[in-house]
Amino acid sequence: MERIVDLTHEIDASMPIYPGDPSVEIKSWNTHEKNGCQISKILMGSHTGTHVDAPWHFNPQGASLDNLSLSRFVGRGTLIDVSNKGVNEKIDTKDIDTYQTHINSGEFVIFRTGWDCYYREKMYFKHPSLTETAAKMLVDMGVTLIGIDTLSVDSTMDKTFFVHSILMNAGILIVENLCNLKEIPSIHGMYSFLPLKIKKGDGSPVRAIFFESPVD
Ligand SMILES: Nc1ccccc1C(=O)C[C@H](N)C(=O)O
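Predicted model, so just to flag it, every value in this text is computed and none were measured.

1. Side note on the overall build of the protein chain
So, point 1. The number of helices and strands found in the protein chain is 4 helices and 13 strands.
So, point 2. Whereas a compact globule of 216 residues would reach a radius of gyration of roughly 17 Å, the protein chain reaches 17 Å, a difference of no more than 12%.
So, point 3. Taken along its principal axes, the extent of the C-alpha atoms in the protein chain is 60 × 45 × 35 Å.
So, point 4. For the protein chain, the residues scored as buried account for 47% of the 216 residues in total.
So, point 5. Within the protein chain, contacts between residues separated by at least 24 positions form 74% of all contacts whose residues are at least 6 apart in sequence.
So, point 6. The centroid of the 20 positive side-chain charges in the protein chain is displaced by 5 Å from the centroid of its 27 negative side-chain charges.

2. A closer look at helix α3 (residues 132–140)
So, point 1. Within α3 the residues assigned to the buried category are Ala134, Ala135, Met137 and Leu138. Seen from one end, α3 has its buried residues packed into an arc of 160 degrees, which puts them on one side.
So, point 2. At its buried positions, α3 is contacted by β6 (90–91), α2 (93–97), β7 (108–112), β8 (129–130), β9 (145–148) and α4 (162–169).

3. Examining the site of the ligand
So, point 1. The environment of the ligand is made up of Tyr18, Asp21, His47, His51, Asp53, His57, Phe58, Leu151, Ser152, Phe161, His164 and Glu176.
So, point 2. The separation between an oxygen atom of the ligand and a polar side-chain atom of aspartate 53 is 2.7 Å.
So, point 3. Relative to its unbound accessible surface of 360 Å², the ligand loses 83% to contact with the protein.
So, point 4. Looking at side-chain class alone, the shell around the ligand contains 4 nonpolar, 5 polar and 3 charged residues.

4. What to know about the pairing of strand β10 (residues 173–176)
So, point 1. Burial along β10 is two-sided: Leu173 and Val175 facing one way and Ile174 and Glu176 facing the other are all buried.
So, point 2. In this structure, strand β4 (residues 51–53) lies alongside β10, joined through 3 bridges in antiparallel fashion. Note on β10: the bridge partner recorded for aspartate 53 is isoleucine 174.
So, point 3. Sheet topology note: the β9/β10 ladder contains 3 bridges and is parallel. Pairing of leucine 145 across the sheet is with leucine 173, part of β10.
So, point 4. What joins β9 to β10 is α4, and the crossover it makes is right-handed.

5. Regarding the sheet that holds β9
So, point 1. Taking strand neighbours across the sheet as the criterion, the 9 strands line up as β1-β13-β11-β5-β7-β9-β10-β4-β12 in an open arrangement whose pairing is mixed. With one partner strand each, in any of the chains shown, β1 (3–6) and β12 (203–205) form the two edges of the open sheet. When the angles between neighbouring strand axes are averaged without regard to direction, this sheet yields 30 degrees.
So, point 2. In the packing of α4 onto the sheet, contacts are made with β4, β9 and β10, and the angle to β10 comes to roughly 135 degrees.

6. A look at unusual backbone geometry
So, point 1. Phi at asparagine 88 is positive, roughly 55 degrees, even though this residue is not glycine.
So, point 2. Assignment of secondary structure puts asparagine 88 in the loop between β5 (74–81) and β6.
So, point 3. Its relative accessible area of 33% is what places asparagine 88 among the partly exposed residues.
So, point 4. At asparagine 180, a residue that is not glycine, the phi angle is positive and equals roughly 65 degrees.
So, point 5. Positionally, asparagine 180 belongs in the loop between β10 and β11 (188–192).
So, point 6. Looking at asparagine 180, the relative accessible area reads 28%, which means it is partly exposed.

7. Thoughts on the packing of aromatic side chains
So, point 1. One pass over the full model with this rule turns up 6 aromatic pairs.
So, point 2. Ring centres of phenylalanine 108 and phenylalanine 193 lie 6.1 Å apart, and the angle between their planes is 45 degrees; on these two criteria the pair is classed as tilted. Taken together, the positions of phenylalanine 108 in strand β7 and phenylalanine 193 in the loop between β11 and β12 put the pair 85 residues apart, joining distant regions of the chain. There is no split in this pair, since phenylalanine 108 and phenylalanine 193 are both buried.
So, point 3. For the pair tyrosine 191 and phenylalanine 193, a centre-to-centre distance of 5.8 Å together with 15 degrees between the ring planes defines the contact as stacked. Grouping residues by exposure puts tyrosine 191 and phenylalanine 193 together as buried.
So, point 4. Members of the aromatic cluster, joined through ring pairs, are Phe108, Tyr191, Phe193 and Phe210.
So, point 5. Looking at lysine 200, its charged tip hangs above the ring of tryptophan 56, at a distance of 4.1 Å from the centre.

Definitions and cut-offs
Residues numbered from 1 in each chain as written. Predicted model: local features only at pLDDT ≥ 70, side-chain atom pairs only at ≥ 80, totals over all residues. Heavy atoms only, no water. Helix = DSSP H or I, 4+ residues; strand = E, 2+ residues; numbered from the N terminus. Rg over C-alpha atoms; globule rule 2.2 N^0.38 Å. Buried < 20%, exposed > 50% of the residue type's maximum accessible area, 1.4 Å probe, protein only. Contact = heavy atoms within 4.5 Å. Lys, Arg positive; Asp, Glu negative; His and termini not counted. Charge placed at Lys NZ, Arg CZ, Asp CG, Glu CD. Arc of directions from axis to C-beta. Near = heavy atom within 4 Å. Polar contact = N/O pair within 3.5 Å; in protein donor to acceptor, adjacent residues only side chain to side chain. Areas by Shrake-Rupley, 256 points an atom, 1.4 Å probe, with all protein chains shown as cover. Nonpolar A, V, L, I, M, F, W, Y, C, P; charged D, E, K, R; others polar. Pairing = 2+ DSSP bridges. Right-handed = clockwise from strand over helix to strand, strands pointing away. Axes fitted to C-alpha atoms, helices over the stretch in contact; angles between N-to-C directions. Phe/Tyr/Trp six-rings, centres within 6.5 Å; stacked < 30°, edge-to-face > 60°. Lys NZ or Arg CZ within 6 Å of the ring centre and 35° of its normal.

Taken by themselves, the reported measurements are silent on function.
Written out as structure tokens, the structure is:
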């Protein structure tokens, strides 16, 4: 049996919100007492919590979620440990260099900063982020999805979106607000980030998971 590692933050009303996005509201619509069954009304932005960005998020010509094959969200990836990075620090090409032999064209790259430990603190917004040259390097390597355990691949302090644009112009998917990456036992392995099938979707919450293969 394969063990599944859950890389997803819980969805609730107190989760961190990207500046300017709607806050999360979860209300009972029907209740057991009044209606004989429980139904909730959920209001949240499409880029809140553990979620995937479709290229259409920043690229007007980019694909929306309903136009992407499911095979784009499930696949093998390389986990890059950048947990040495501090406040607002940059993840650059030299951080990727040492993993070159593991990274294959057509696969995913996942960055572990360890910033998920600040999820409910102000510090969460001062996260490490990629440089434009690192983003271009990943494009050149033929990577198809970038994951990270921070609020964004770009700096949230700078309010620029160069990394988003570089990746999305190359059709690369982005998964943000991952967690628990320290539980992943191998540099290379199988991930799944399936989104909801939202018509013209620019992004969607995902249940992010890693499949741990048995040793024997
Ligand atoms: N909500 C936004 C509003 C304006 C500009 C960017 C965002 C983002 O969501 C960026 C985020 N890091 C993302 O790609 O999902």
